[in-house]
Each structure stands twice: as C-alpha cells, then as structure tokens.
Amino acid sequence: MREIAYEEIVKNVRDIIVYSACNLPKDALDALKDAYENEKSPVSKEVLKQLLENSDIASKEARPLCQDTGLAVFFVKVGADVKVVGGLLKDAINEGTARGYEEGYLRASTCEPFSRANLKDKIGYNLPAIIHFDIVEGDKIDIEYAAKGGGSENVSRARVFPPAAGKDGVVSFVKECISDAGPNPCPPITVGVGIGGTFEKAAISSKHALFRNIGSVNEDPEMAELEERILTEINKLGIGAMGMGGTKTALAVHIEANPCHIASLPVSVNVQCHSSRHTHITI
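Described below are features of the structure shown in this document. Sequence order sets the numbering: in each chain, residues are counted from 1 along the sequence as written. Local features in this predicted model are restricted to residues whose pLDDT is 70 or higher, and side-chain atom pairs enter the listing and the counts only when it is 80 or higher, whereas totals over whole chains, interfaces and linings include all residues. Water and hydrogen atoms play no part in the side-chain values, which are based on all heavy atoms of the structure.

Some remarks on the overall build of the chain
For the purposes of this entry, the term helix denotes a DSSP run of H or I that reaches at least four residues, the term strand denotes a run of E that reaches at least two, and both are numbered from the N terminus. Summing up its helical and strand segments, the chain has eight helices and ten strands in all. Expressed as lengths along the three principal axes of its C-alpha atoms, the size of the chain is roughly 55 × 50 × 40 Å. A total of 283 residues make up the chain; the buried ones form 49% of that total. Surface accessibility follows the Shrake-Rupley procedure with a 1.4 Å probe radius. Residue values consider only the protein chains on display as shielding. Of the accessible surface of the chain, which amounts to about 13,600 Å², a share of 54% is contributed by carbon and sulfur atoms. Relative accessibility under 20% of the residue-type maximum defines a buried residue, over 50% an exposed one, and the middle range a partly exposed one, all with a 1.4 Å probe and only protein chains included.

This is the structure:
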C-alpha cells in the first residue's frame, strides 16, 4: 500500500489551479491558432487575434485569462493500493482549491442558490469543489481539473429521448442547444456530449468529455464520425467568435457514450468557452 501525504495533494491541487487560471493548455491554444488561420470572416478573425493576444498577456504577466475563474471541477481516479495519510482525499482537494483561488487572487464564485450570498467566509474560498471519484487499479491518484465558468455552464442542457430519435435526434438537439446559446458561452466553444447511461450519467459524461484534448480523435469510429457531423452542423450556424459571425463557432465536439436502458436515449450537452482551462496530473 503506497502512502501519499495529505499536504502533497493540497499543494498539487493549489498549484494546478493557479497555473491553469493564467495559462491555456497547448491543445486549447493550438485550436485557437488553427481557428484564427482558417476563419473566413474578417471580424471574427480579428476577435480570435485578440483572444490569442489575451492568452499571451495572461501567461506573461501571470494574470487570469478571464475574470470568471469558474467553479473548480475535478475527475479523480484513486488507485486501490494508495492511502492518503493525514486526512481525507476529498478534504485535501477542497483545501487545495481554497488555497489556489485565494492565493492566486482568483474570484470566489460559489454562493447560496437563492440569497446569492457568497460562501467564501462561510465554508471556504470558492468551495465546495465539484469532485467526481472513481476507484481504479494501481497505487496512484490521477486528477483531472477544469475551471468551469458560468456563461458556458448556463447554456447546457439534458434530455431523455425515445430510442427512435437516433443519431438524427442527437444532432438536432445539440445544434438547437448551440443555436439558442448564441454568443453567451463566449465562442469558439468546445461541446461535450454525453449519450446513454441514465439522466445523470449522460450529464456527467458530457462534462467529462470537455476534459479531452481538443482535436483528439474519439477511439470509437462511430462516435468520431458523429462528432465530425455535429461539428460541421454547429459551424454552419455562423455564430462565430464571441458571436460576431463567422465560420468557427466550435473548435471541437467530444462525445462520451454509455450503454443505456432499452427504453431510453439520454443526451446531455455541456459547453466550454474559448478559454478551456483544464489540466491533468498524476500523483
């Protein structure tokens, strides 16, 4: 049984939050550069140029890419042969989140749902983190992190279709979600689509799909083909960068598919803005 110190996890979580707030990962940066090179609209091309300049300034000056530094979302795979010493893994991730947001001078965005009272002085700075755990083989802890802003989260949807809806129904639903969203999620966006499972499994899968490297090819050829089909349909909408009209509304569509009940076809759409702040570490 391998032992990992509680404080080691806190420090690692704190560090990835601070770094990710100011530095786009290579896949997101490359996708924006590719969109800039291939955008047909002069106006959207200028917007993409400004987004790239913003990324460069944020990285050089260690300043947040966006004022909305999001809620902290984690997908954590815990090896069956690892033990956290000195506290609970969940508490370590939350403490690392609070330290990262406070010490990185990032905005505390968690609040009560109706009073809208900020929770930073009640339960901790930008807490609680949203954490999804899975137990796997091995003696390591694998942590995927993303900052999820409100603009992109607000346009997300889930629906349970009858099986007869098929692929055409999925394509139509995703396209409708993005069309209705317009400029609100700050395009060019990444679109996560969860298919199958149950209502909540589809929603979680659509979230996790956003953690995949932008531009990576789905391992399932059928889903890879469907991703390309949906991406083409979304970019035909002409929303463009920041809603200014153009050919690059979405950078990628990522699908996670799961087995589902014979009577159901759950589908969820989760959207990430152009500032796709995500990272992955293994302890």
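Okay, back to it.
Considering the pairing of strand S2 (residues 71–79)
Burial analysis of S2 places seven of its nine residues in the buried class, the great majority of the element. At least two DSSP bridges between two strands are required for those strands to pair. Here eight bridges tie S2 to strand S5 (residues 141–148), and the two strands are oriented antiparallel to one another. Bridge pairing in S5 links Val 78 to Ile 141. Inspection of the sheet shows S2 paired to strand S4 (residues 130–136) by seven bridges, in the parallel sense.

Some remarks on the sheet that holds strand S8 (residues 250–260)
Two strands in a sheet stick together by hydrogen bonds in their backbones, pointing the same way (parallel) or opposite ways (antiparallel). Pairing is mixed across the open sheet formed by four strands, whose spatial order is S6-S9-S7-S8. Looking at which strands have only one partner, the edges of the open sheet turn out to be strand S6 (157–161) and S8. Neighbouring strand axes in the sheet, compared pairwise and without regard to direction, differ in orientation by 15° on average. Pairing analysis gives six bridges linking strand S7 (residues 189–197) to strand S9 (residues 265–272), with the strands arranged antiparallel. Within the sheet, the bridge partner assigned to Ile 195 lies in S9 and is Val 267. Whether two residues touch is decided by their heavy atoms; if any such pair falls within 4.5 Å, the residues are in contact. Axis lines are fitted through C-alpha atoms, for helices just across the contact stretch, and the angle between N-to-C directions can take any value from 0 to 180 degrees. Its contacts with the sheet place helix H8 (residues 221–235) against S7 and S8, and it is angled at close to 135° to S8.

What to know about the environment of Glu 222
Note on placement: Glu 222 falls in helix H8. The exposure class assigned to Glu 222 is partly exposed, which follows from its relative accessible area of 41%. Identification of polar contacts relies on pairs of N or O atoms within 3.5 Å, with a donor-acceptor requirement for protein atoms, meaning one able to donate a hydrogen and the other able to accept it, and with residues adjacent in sequence counted only if both atoms are side-chain atoms. Reaching out from Glu 222, the side chain makes a polar contact with the side chain of Lys 167 at a distance of 2.9 Å.

Describing the packing of helix H6 (residues 166–181) against H8
The interhelical angle for the contact between H6 and H8, taken along N-to-C directions, is 40°, at an axis separation of 10 Å. In this view, H6 runs oblique relative to H8, as classed from their interaxial angle. Helix-helix and strand crossings are classified by hand; for H6 and H8 the assignment is right-handed. Mapping the contact onto sequence places Lys 167, Asp 168, Val 170, Val 171, Val 174, Lys 175 and Ile 178 in H6 and Glu 222, Leu 226, Arg 229, Ile 230, Glu 233 and Ile 234 in H8. Class assignment of the residues belonging to the contact of H6 with H8 gives a composition of seven nonpolar, no polar and six charged. Put simply, angles under 35 degrees are roughly parallel, angles over 145 are roughly antiparallel, angles from 65 to 115 are roughly perpendicular, and the rest are oblique. By the definition used in this description, the sense in which the near helix is turned from the far one sets the handedness, with an anticlockwise turn below a right angle giving left-handed and a clockwise turn giving right-handed. Note on residue categories: nonpolar means Ala, Val, Leu, Ile, Met, Phe, Trp, Tyr, Cys or Pro, charged means Asp, Glu, Lys or Arg, and polar means any other residue, Gly included.

A few points about the packing of helix H1 (residues 6–22) against helix H4 (residues 89–103)
Running from N to C, H1 and H4 point in directions that differ by 40°, and their axes come no closer than 7 Å. Of the possible angle classes, the one that applies to H1 and H4 is oblique. Handedness of the crossing formed by H1 with H4: right-handed. Where H1 abuts H4, its residues Tyr 6, Glu 7, Ile 9, Val 10, Val 13, Arg 14, Ile 17 and Val 18 lie against Leu 89, Asp 91, Ala 92, Ile 93, Glu 95, Gly 96, Thr 97, Arg 99, Gly 100, Tyr 101 and Glu 103. Class assignment of the residues belonging to the contact of H1 with H4 gives a composition of ten nonpolar, three polar and six charged.

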